Number of protein chains: 2
Amino acid sequence: MTTELEIVQDWRVFATEHSLSAVELSGDEAIVTWSDGRKTPLNRFFLRDNCTCSTCYLPLTREQLFEITDAPADLAAASAGIDAEGNLVVGWSDGHKSSYAPGWLRSHAPDAESRAERHAARARPFIWGREYADALQSFDYADIMADDGALWAWLSALRSSGLTLVRNVPVEEEALLAPISRISHLRETNFGRVFDVKSKPRADSAAYTSVNLPPHTDLPTRELQPGVQFLHCLKNEAVGGESVFVDGFAIGEAMRAEHPDEFATITTAPMAFWNRDDRTDYRWTAPAIALNVEGDLDEVRFANFLRGPIDAPAERMGEIYAALRLFQAMTRDPRFFIERRLSSGDMWAFDNRRVMHARREFDPQTGERHLQGAYVDRDEINSRWRVLSRQLGEPC
Amino acid sequence: MTTELEIVQDWRVFATEHSLSAVELSGDEAIVTWSDGRKTPLNRFFLRDNCTCSTCYLPLTREQLFEITDAPADLAAASAGIDAEGNLVVGWSDGHKSSYAPGWLRSHAPDAESRAERHAARARPFIWGREYADALQSFDYADIMADDGALWAWLSALRSSGLTLVRNVPVEEEALLAPISRISHLRETNFGRVFDVKSKPRADSAAYTSVNLPPHTDLPTRELQPGVQFLHCLKNEAVGGESVFVDGFAIGEAMRAEHPDEFATITTAPMAFWNRDDRTDYRWTAPAIALNVEGDLDEVRFANFLRGPIDAPAERMGEIYAALRLFQAMTRDPRFFIERRLSSGDMWAFDNRRVMHARREFDPQTGERHLQGAYVDRDEINSRWRVLSRQLGEPC
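Computed from a predicted model, the values in this text were never measured in an experiment.

Summarise the nonpolar core; cite the residues concerned and give the values.
Core analysis: the largest hydrophobic core is formed by 53 residues, its most contacted members being A:M255, A:F327, B:L47, B:L88, B:Y100 and B:L105. Of all the elements, helix α10 (residues 317-330) of chain A adds the most residues to this core, at 8 residues. Beyond its immediate stretch of four places on either side in the chain, A:M255 contacts A:P260, A:E262, A:F263, A:I266, A:I289, A:A323, A:L326, A:F327 and A:M330. Among the nonpolar cores identified, the runner-up in size contains 52 residues, and A:F14, B:I251, B:F337 and B:A358 belong to it.

Pasting the structure below:
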């Protein structure tokens, strides 16, 4: 019965070694006491909102039918207790009854201690510099195609380091679609579902010329930059054109530690990005480094060749350019980057919203250079990783 | 020469009735004085960064080659003047020379007055309530397919009101793809490139049942909710199933004016959204109403049936649920919504990140109901609108 409740709501079972030892009603809250002595105050509407009985929830889709605005303003718990299975059971003033499994309650407990535990338990990114060149996480094409465990390991590495290499990908056009199909659908852009990176005469982006491309993220001109980029090398015979990867999070943390003022500026100053041709006109403005609400690094957004004029108060320009010049200089600092020559059959997969990539200038006269790329958003990577984790019994 | 500079950088011509009357160098700035007396201080790095000469800019792609971090720290304007064409010309301490057209300078001037003018000139959304039912912006399929002016008017209406109706769309499967192809590519999701809205036995979303769907945005479980939803009615013969549209921005502004405390809470409280089935596990947390950096309404994100447990401090739960219950009650307030019965051949196009839609319960036994939907992100709508504006000589 407990398990059924949990599965209806969440498809997960929340195990806990802690049991409920007592519950008392006080004002708007039911305060539960745990076997380890922790106390968790549970607001009446929080509890009512999370009732997962089959009238409040649509079992078929595990979606909520009940709307919390339909609870009376004076809703109160008329009774609260712990049943034989150890669930918290609440009888409401309007006659409704709810039951909550201890594992679910502990996993969603809003007391400060429980929330701090959850925040501390959250996976932190593995931040790297030049030394990562010798420890680069590589995976074999055949493994990730055949084995869900290998696929899970690859996606786990992508989520953690933001840069992985897949070897032995067939050297055929669109061969990168097979490993991507193990994850999800593509993020299509104006450059197509799959884009070819080779120099072309009427280039609509510097990427399609042979010039040096400084470290950048792709499509900073979009509100949501593509999440993960897959870049498959079919041919690389031209002189030059080495690839460079930089962990933007490493630069961010270094700025935070070594240059706090410039860090404060680069995480708030509006950077303008645009990309225009005869058919498109993309514009977006956002800081080059974005933090989440907890102040952790969330995203890097930068491509010098796509920057537009900064729209900021005249008196802030000096400070903004000092931070921008420093950030840009750090993207070239050898302590942060990995330089590799791509070989045919290699497919790089990297978090385009964290890891900047660069391409040295090459001479198109000396040989052919042909890469194919495609994008998948972070939502899809995370969804697939969670489903695999669920199936493999890993926490997610 | 002026025009060429502007086009290389921007594909636009910046006209201005104001000319440069004087320039003086002072510290880090060149301060220009305009024919109307306005003074604009231009930081040395801002000016150097925006040099559009053909060594700083790649004319082919209109992308910047020069990186501002390569300017010497002690860069200074050795000379500044106004040339025969009225351009600001600067000679730099390192020997580089730059020229700036007055139209471009005025349009990007960082002085407070110019920035306030630009902010005031920005288009504001047209916010609507029930009365919009009689003024609904409708367009004819044949017109938007054949005429760029009609297409521009449709996209302009979408950007302004967030809700438009296209009539006389052929009643055939995937007929909605033709008008969408006039704009751009699709935003694919786990529900496919085109999704069919009809009740099905093994529903993986409440949308695919016949139950009442309260006002919601689609896919709040994604970091970026799909921008514009296109919903094409092929058959609507079942009893019930009326469609309801609510301008979330109208609710937001009403909350801001009538309930400032609840507005402050709903724009900051973390709402959890999730959608899980046997193949996917999507989760995202964000406020139900998001503001941009200027405090203007930017996005509405809400679907009661996709909400997960709120992860917030116990002491904030009372305040958060008060705001949530009010917001949810307002989505049902008749002053805000339009109710329509879809007819076959109608295609609704609405901003899914602003306009909430609802569906009344229907009885699948009484007749067939079949809609087809697809998504296009705001970036694509805006890009296409800007290109059309450019071609039609409209400001953008």
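Give me the interface of chain A and chain B: which residues, what numbers.
Counting residues at the interface gives 86 residues for chain A, matched by 86 residues for chain B. Counting every contact that joins chain A to chain B gives 16 salt bridges. Between B:R118 and A:D311 there is a salt bridge; the shortest N-O distance is 3.1 Å. One can count 44 residue pairs in polar contact (both at pLDDT 80 or more) joining chain A with chain B.

How would you sum up the environment of A:D281? Please name residues and give values.
One can find A:D281 in strand β17 (residues 281-286). Overall, A:D281 belongs to the buried group, its relative accessible area being 0%. Sequence separation between A:D281 and A:G95 is 186 residues; the distance between their C-alpha atoms is 58 Å. If we skip the residues at most four places from it in the chain, A:D281 touches A:N275, A:R276, B:S383, B:R386, B:V387 and B:R390. In terms of polar contacts, A:D281 uses its side chain to reach the side chain of B:R390, at 3.3 Å.

I'd like a rundown of the domain arrangement of chain A, residues and numbers included.
You can read the domains of chain A as domain 1 (3-117) and domain 2 (130-392). If you average the C-alpha positions of domain 1 of chain A and of domain 2 of chain A, the two centres end up 43 Å apart.

I'd like a description of the pairing of strand β10 (residues 163-167) of chain A, backed by residues and values.
Residue and element names in this part refer to chain A. Here β10 lies mainly inside the structure; 4 of its 5 residues are buried. Of the strand pairs in this sheet, strand β9 (residues 137-140) and β10 are connected by 4 bridges, and their pairing is parallel. Each residue of the ladder has a partner; that of F139, found in β10, is V166. Here 4 bridges tie β10 to strand β21 (residues 347-351), and the two strands are oriented antiparallel to one another. The partner of V166 across the bridge, within β21, is M347.

Please set out the relation of the copies chain A and chain B residue by residue, giving values where relevant.
Think of it as a corkscrew move, a rotation about one axis and a shift along it, taking one chain copy to the other. Once turned by 180° and shifted 0.0 Å along the axis, chain A lies on chain B with an RMSD of 0.0 Å. The operation mapping one copy onto its partner corresponds to a two-fold rotation axis. Within chain A, A:L224 has its C-alpha nearest the rotation axis, a separation of 3.4 Å.

Quick rundown of the packing of helix α6 (residues 148-161) of chain B against helix α11 (residues 378-392) of chain B? Include the residues and the values.
Residue and element names in this part refer to chain B. The interhelical angle for the contact between α6 and α11, taken along N-to-C directions, is 135°, at an axis separation of 10 Å. Taken together, the axis directions place α6 and α11 in an arrangement best described as oblique. The two elements α6 and α11 cross, and the hand of that crossing is left-handed. Note on element contacts: α11 touches α6 through I381, N382, R384, W385, L388, S389, Q391 and L392, opposite D148, G149, L151, W152, L155, S156 and R159. In terms of residue class, the contact of α6 with α11 is made up of 7 nonpolar, 5 polar and 3 charged.

For unusual backbone geometry, give the residues involved together with the corresponding values.
All names here are of chain A. Here the phi dihedral of N168 falls at roughly 65°; this positive angle occurs in a residue that is not glycine. Within the secondary structure, N168 is located in the loop between β10 and α7 (177-181). Its identity as a non-glycine residue notwithstanding, L219 has a phi of 55°, on the positive side. Checked against the element boundaries, L219 lands in the loop between β12 (213-216) and β13 (228-236).

Explain the pattern of salt bridges to me, and be specific about the residues and the numbers.
Summed over the entire model, instances satisfying the criterion amount to 59 salt bridges over all chains. Across the pair A:D36 and A:R106 runs a salt bridge, and its minimum N-O distance is 2.7 Å. Of this pair, A:D36 sits in the loop between β2 (29-34) and β3 (39-43) while A:R106 sits in helix α3 (residues 102-107), and the two are 70 residues apart along the sequence. Here B:R307 makes a salt bridge to A:D49, at a shortest N to O gap of 2.7 Å. With B:R307 in the loop between β19 (297-300) and α10 (317-330) and A:D49 in helix α2 (residues 44-49), the pair connects residues from two separate chains. Taking the relative accessible area as the measure of exposure, B:R307 reaches 2% and is therefore buried. Of the residues examined, A:D49 reaches a relative accessible area of 4% and is grouped as buried. Ionic contacts of the salt-bridge type, sharing partners, join the residues A:E223, B:E299, B:R301 and B:R353 into one network.

Explain the side chain of A:R325 to me, using residue names and the numbers behind them.
Structurally, the position occupied by A:R325 is in helix α10. Buried and unpaired, A:R325 has B:D70 as its nearest opposite-charge partner, separated by 7.7 Å. Excluding residues that lie within four positions of it along the chain, A:R325 makes contacts with B:F45, B:I68, B:T69, B:A71, B:P72 and B:A73.

Give me the lowdown on the confidence of the model for chain A, citing residues and values where you can.
For chain A, mean pLDDT is 93; residues scoring 70 or higher make up 95% of the total. Contacts from residues 1-9 of chain A, a stretch scored under 50 in pLDDT, to residues over four places away or in other chains number 27 contacts.

Go over helix α11 (residues 378-392) of chain A with me, naming the residues and quoting the values.
Residues and elements named next belong to chain A. For α11, which comprises 15 residues, the first-to-last C-alpha distance of 21 Å matches the rise-based estimate of 21 Å (1.5 Å per residue) to within 8%. Taking burial as the measure, the 15 residues of α11 include 13 buried ones, the bulk of the element. Just past α11, the residue G393 takes up positive phi, approximately 75°.

Break down the packing of aromatic side chains for me, citing the residues and quoting the values.
Remark: the centre distance and the inter-plane angle together describe each pair of aromatic rings, the angle taken between the planes. All names here are of chain A. All chains considered together, the criterion is met by 20 aromatic pairs over all chains. Here the aromatic residues F126, W128 and Y132 are joined through ring pairs into a cluster of three or more. Stacked on the ring of F66, the Lys or Arg R48 has its end atom at 3.8 Å from the ring centre.

Procedures and definitions
- Residues numbered from 1 in each chain as written.
- Chains lettered and ligands numbered in written order.
- Predicted model: local features only at pLDDT ≥ 70, side-chain atom pairs only at ≥ 80, totals over all residues.
- Heavy atoms only, no water.
- Core = buried A, V, L, I, M, F, W, Y, C linked by side-chain atoms within 4.5 Å.
- Buried < 20%, exposed > 50% of the residue type's maximum accessible area, 1.4 Å probe, protein only.
- Helix = DSSP H or I, 4+ residues; strand = E, 2+ residues; numbered from the N terminus.
- Contact = heavy atoms within 4.5 Å.
- Salt bridge = Lys/Arg side-chain N within 4 Å of Asp/Glu carboxyl O.
- Polar contact = N/O pair within 3.5 Å; in protein donor to acceptor, adjacent residues only side chain to side chain.
- Domains from an automatic or database assignment.
- Pairing = 2+ DSSP bridges.
- Least-squares fit on C-alpha atoms with pLDDT ≥ 70 in both.
- Axes fitted to C-alpha atoms, helices over the stretch in contact; angles between N-to-C directions.
- Parallel < 35°, antiparallel > 145°, perpendicular 65-115°, else oblique.
- Left-handed = near helix turned anticlockwise from the far one by under 90°.
- Nonpolar A, V, L, I, M, F, W, Y, C, P; charged D, E, K, R; others polar.
- Lys, Arg positive; Asp, Glu negative; His and termini not counted.
- pLDDT = per-residue confidence, 0-100.
- Expected span 1.5 Å × (residues − 1).
- Phe/Tyr/Trp six-rings, centres within 6.5 Å; stacked < 30°, edge-to-face > 60°.
- Lys NZ or Arg CZ within 6 Å of the ring centre and 35° of its normal.

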